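# Commentary on secondary and tertiary structure
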Amino acid sequence: MKNKDIITIGGQQIKLGETRQIQLEMPPLYTDTHMSIPVHVQRGKRPGPTLFVSAAIHGDELNGIEIVSRLIRSKSIKTLRGTLIAVPMVNVYGVLNQSRYLPDRRDLNRCFPGSTKGSLAGRIANLFLSEIVSKCDFGIDLHTGAIHRSNLPQVRAALEDKETFAMSKAFGLPVMLDANIRDGSLRQAAGDLGVKVLLYEAGQALRYDEFSIRAGLKGVINVMREIGMLNKSRSKKGHNIEPFVARQSGWVRANESGFVHHIAQLGDHVAKGDVLAQISNPFGIELDRVTCPAEGIVIGKQNIPLAQEGEAMYHIAYFKKPDSVASNVEMLQDNLVLGEGPMVY
């Protein structure tokens, strides 16, 4: 466990019991406007693990920014053991431009581990990896769906690892996806350093979704309890949600171009042959029906009612007991009690 009396981030030393907000300097804009990654470091007085929580590696994925903001203000982390490193925006350029990508049109989450002399994306990846990730034992990376696509709240991780599986289960969501590690991703680079990372996916790009934010905040705090950074909760509320592990998932694509009438929604249990959507021409004449290839749960969907032939429309996770998954999604919604205003734990 990387437990040190003093850690150094961005040239600043942070001792046990201290809280510090740091600006990690990045390359400036061509207007000579200086840019930096905001970092919140909170260290408990007692020893424990070091965890990073990061958001907006893709600059248009905004839910995570609000999750980190609420986490920092949460009463639950006042009695912290170990160190929390919270990064509300990694791709600050992308947030500024409301874009998934960096100004060099690269996807930051495909540029790890990067280097100090490479592309802009490579330099930022290297900065984040060396200054933040390398000093941690665990990590939670917060994501959303892409533009015009929504994701059901879900955890993606290398679930064959027992410790990662325990963290993922503790997050408290109905769906856990055993996801392959992609080349150049933060998860791959962190794994090479021995840092165990899980991804939280929920909602869509350029939108705040209160349900996704609440589920994410509660999940992060649950993981902090699981790894010993916080005391275990005495509350039994929500503990009866049993997650289901998807070992396989895939996108169902449109066979025709046209206007879409969506039938299946996020969290729906669908059977083989079920109609997910209808595609019609501008005169309302049906051209095609998008059908489900196998039994599963809808974990992602396109929102815009337009489809081009070959376009991905529904992301399906395949389970042995999908009926229970669907009921547990409803249970999670009930436990988070939407409609009572923003939650800060």
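Report follows, based on the coordinates. The numbers attached to residues start from 1 for each chain and follow its sequence in the written order. Thresholds applied to this predicted model are a pLDDT of at least 70 for local features of residues and 80 or more for the giving and counting of side-chain atom pairs; totals over whole chains, interfaces and linings are not thresholded and use all residues. Hydrogens and water are ignored here; the side-chain numbers use all heavy atoms of the structure.

What follows deals with the nonpolar core. Core analysis: the biggest nonpolar cluster contains 38 residues, and L84 and M224 have the highest contact counts within it. Here this core takes eight residues from helix 6 (residues 210-226), the largest share from any one element. Every residue pair with non-hydrogen atoms within 4.5 Å of one another is taken to be in contact. Other than its neighbours up to four places away in sequence, L84 contacts H40, V41, Q42, L51, V53, L71, I77, M224 and M229. Listed in part, the 36 residues of the second largest apolar core include I37, I124, A125 and L199. As used in this record, nonpolar core signifies buried Ala, Val, Leu, Ile, Met, Phe, Trp, Tyr and Cys residues forming a set joined through side-chain atoms within 4.5 Å. The classification of residues rests on relative accessible area computed with a 1.4 Å probe and restricted to protein chains. Under 20% of the type maximum is buried, over 50% is exposed, and intermediate values are partly exposed. A helix here means a DSSP run of H or I that spans at least four residues, while a strand means a run of E at least two residues long, and both kinds are numbered starting from the N terminus.

Here the focus is the pattern of salt bridges. Salt bridges are defined by distance alone: a side-chain nitrogen of Lys or Arg within 4 Å of a carboxyl oxygen of Asp or Glu. Under the defined criterion, the tally for this structure stands at 14 salt bridges. Among the salt bridges present, the one from K196 reaches E163, with a minimum N-O distance of 2.9 Å. With K196 in strand 10 (residues 196-203) and E163 in helix 4 (residues 162-171), this pair connects stretches of sequence that are 33 residues apart. Overlapping salt bridges, with partners in common, bring together E66, R70, E210 and R214 in one network.

The next subject is helix 6. A helix is expected to span 1.5 Å multiplied by its residue count minus one. With 17 residues, helix 6 extends 24 Å between its outermost C-alpha atoms, agreeing within 8% with the 24 Å of an ideal straight helix rising 1.5 Å per residue. Among the 17 residues of helix 6, 14 are classified as buried, and the element is accordingly described as predominantly covered.

Estimated volume of the largest pocket: approximately 780 Å³. Think of a 1 Å grid over the protein atoms and nothing else: a 1.4 Å probe that fits but is trapped marks a cavity, an open set flanked by protein within 12 Å on at least five of seven lines marks a pocket, and residues with an atom within 4 Å of a point count as lining. Along its surface, the largest pocket is lined by 32 residues, and R110, R156, R182, E201 and H315 are the ones closest to its centre. Those elements that place two or more of their residues in the lining of the largest pocket are strand 7 (138-143), strand 8 (149-157), strand 9 (175-178), helix 5 (186-192), strand 10, strand 12 (249-253) and strand 19 (312-317). Examining the composition of the lining of the largest pocket, we find that four residues originate from one element, strand 8, more than from any other. When residues are sorted by character, Ala, Val, Leu, Ile, Met, Phe, Trp, Tyr, Cys and Pro go into the nonpolar class, Asp, Glu, Lys and Arg into the charged class, and all the rest, Gly among them, into the polar class. Per-class residue counts for the lining of the largest pocket are eight nonpolar, twelve polar and twelve charged. Grid points are joined across faces, edges and corners, and a volume is the space filled by probe spheres set on the points.

This next bit is on the packing of aromatic side chains. Ring pairs are drawn from Phe, Tyr and Trp, using the six-membered ring of Trp, whenever the two centres fall within 6.5 Å, and their geometry is named by plane angle: stacked under 30 degrees, edge-to-face over 60, tilted for the rest. Tallying each qualifying case throughout the model produces two aromatic pairs. Judged by centre distance (6.0 Å) and plane angle (85 degrees), the rings of F52 and F128 are edge-to-face. One end of the pair, F52, is in strand 5 (residues 46-55); the other, F128, is in helix 3 (residues 120-131), and 76 residues separate them in sequence. Here F52 matches F128 in class, with each residue buried. Ring geometry for F171 versus Y200: centroids 5.1 Å apart, planes at 25 degrees, classification stacked. Highlighted residues: F171 in helix 4 and Y200 in strand 10, separated in sequence by 29 residues. The same class applies to F171 as to Y200, namely buried.

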